[in-house]
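Summary of the model geometry
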Amino acid sequence: MHEEEGLPRLRNQLFQHLVEHEGYRSVALESDCLAGLLTDSYVVHGTGSLDEAMEHGFSHGFGDSPANRALVQWMREYNRDRPLRDRLRFFGFDAPVEMTGGDSPRLVLSGLYHLLADHVDSALLPCSHEELDLTIGEDDRWTNPAAALDSSLSVGTSPDARTLRLITDDLVALLYSESPHLAATLSADEWWRARLYGRTAVGLLRYHAAVADSSAARVARLLGLRDELMASNLNAIVEHESRRGPALVFAHNRHLQKYKSRWRFNGQDLEWWSAGAIADVQLGDHYAFVASAFGAAPHQGVHRAPEDTLEGLLAANLPEGRCIINSEKLQAALPEVDGQRPVLRTETSKNYSYFALDPAYLHKTDGVIFIKELADAPDAGNSG
């Protein structure tokens, strides 16, 4: 559930333990992958200020979270006197999109173009920067929030958008055809940024094309494209960090789970493959999903869980307020009631990002973090 401080506070404690005892060297959050570059620069090099990192280095309003601020501040202090190779890294792994639409492709396409133009033969570039800029046009036509509800207002399938997809394809092909030279010439961070720009440009233009789709599959397609880019970013982070240590990824269960995501939205039953399900195929044993669940959060309108639900059984039988549980052992220990396993919790919350943990998919988790009760105040109850 988003907008619930008890969960990222607990994440901070877990990450600190993993860094100090298990060799973890990076964290990836459900936040804009491009904005995350600014936060990472602050965490690693001290560039800018903490306030700037929180204001401009997060999306979805997550920069307002006190727990996220505490995470960034702790990472900066941890890094301050350490060698560069041992410093913690911060990644956003989400697409640069919000519920009301996606970003303009200008930042990523211009960034990719300039990186290439500075290091390869100009004759290999598919167009001039002036032509690229003219084809992108005004940013407002890409970011028009009305297009989220009216597909006819989207620029995503316009002649300019189709041309941009061809230009992007050529730029990305050039990036990788020249990769032996570029990887040797660019710094590690520049090479990382170039590839990030490339995959984000491709994903963002696909997303805008889907915004222009008027079919019944439109919303599900948009959700799937967002998660596909999230999975691509996770795959890249694992490759980037493989020599330094594991990464802790923190996001909504719906993005990280290894099974298909389902959502009843605006009268539609939506289904799409989550980033976790895609990453599980790509990374295999290198990807583990630990689901989070809680028994109650009264301030969010989630009260004591019914006894026949997974959350109700855990709340009634676990002695501690917070537990990390082995999924295989949990599944074996769950009692059967009238021949049935625990049922899915169905009561609603005033926080629409709340989804109960489905007991039918416990076998698709590697662990469960359970909190008996999330409290409104940071120091109340078992909120962490």
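Everything quoted here is computed from the prediction, not taken from an experiment.

Before going further, it helps to spend a moment on the nonpolar core. Counting residues in each nonpolar core, the largest one holds 61 residues, and the members touching the most others are F93, L116, L132, L171 and L330. Shared between two domains, this core holds at least three residues of each, these being domain 1 (103-214) and domain 2 (289-373). The next biggest cluster of nonpolar side chains, apart from the first, holds 21 residues, and it includes Y24, V27, Y42 and F90.

Of all 7 residues in strand 8 (residues 290-296), 5 are buried; the element is thus mostly enclosed. Bridging between strand 8 and strand 10 (residues 367-373) involves 6 bridges; their strand directions are parallel. When the bridges of strand 10 are listed, A291 appears paired with V368.

Summarising the element assignment, T135 is placed in helix 6 (residues 129-136). In this structure T135 comes out as buried when scored by relative accessible area, which is 12%. Not counting residues up to four positions away in its chain, the partners in contact with T135 are R141, D160, T163 and L164.

By a widespread convention, an interface's size corresponds to the accessible area lost as its parts come together. Here the chain is described as being made up of domain 1 (103-214) and domain 2 (289-373). When each unit is reduced to the centre of its C-alpha atoms, the spacing between domain 1 and domain 2 is 43 Å.

Conventions we followed
Residues numbered from 1 in each chain as written. Predicted model: local features only at pLDDT ≥ 70, side-chain atom pairs only at ≥ 80, totals over all residues. Heavy atoms only, no water. Core = buried A, V, L, I, M, F, W, Y, C linked by side-chain atoms within 4.5 Å. Buried < 20%, exposed > 50% of the residue type's maximum accessible area, 1.4 Å probe, protein only. Domains from an automatic or database assignment. Helix = DSSP H or I, 4+ residues; strand = E, 2+ residues; numbered from the N terminus. Pairing = 2+ DSSP bridges. Contact = heavy atoms within 4.5 Å.

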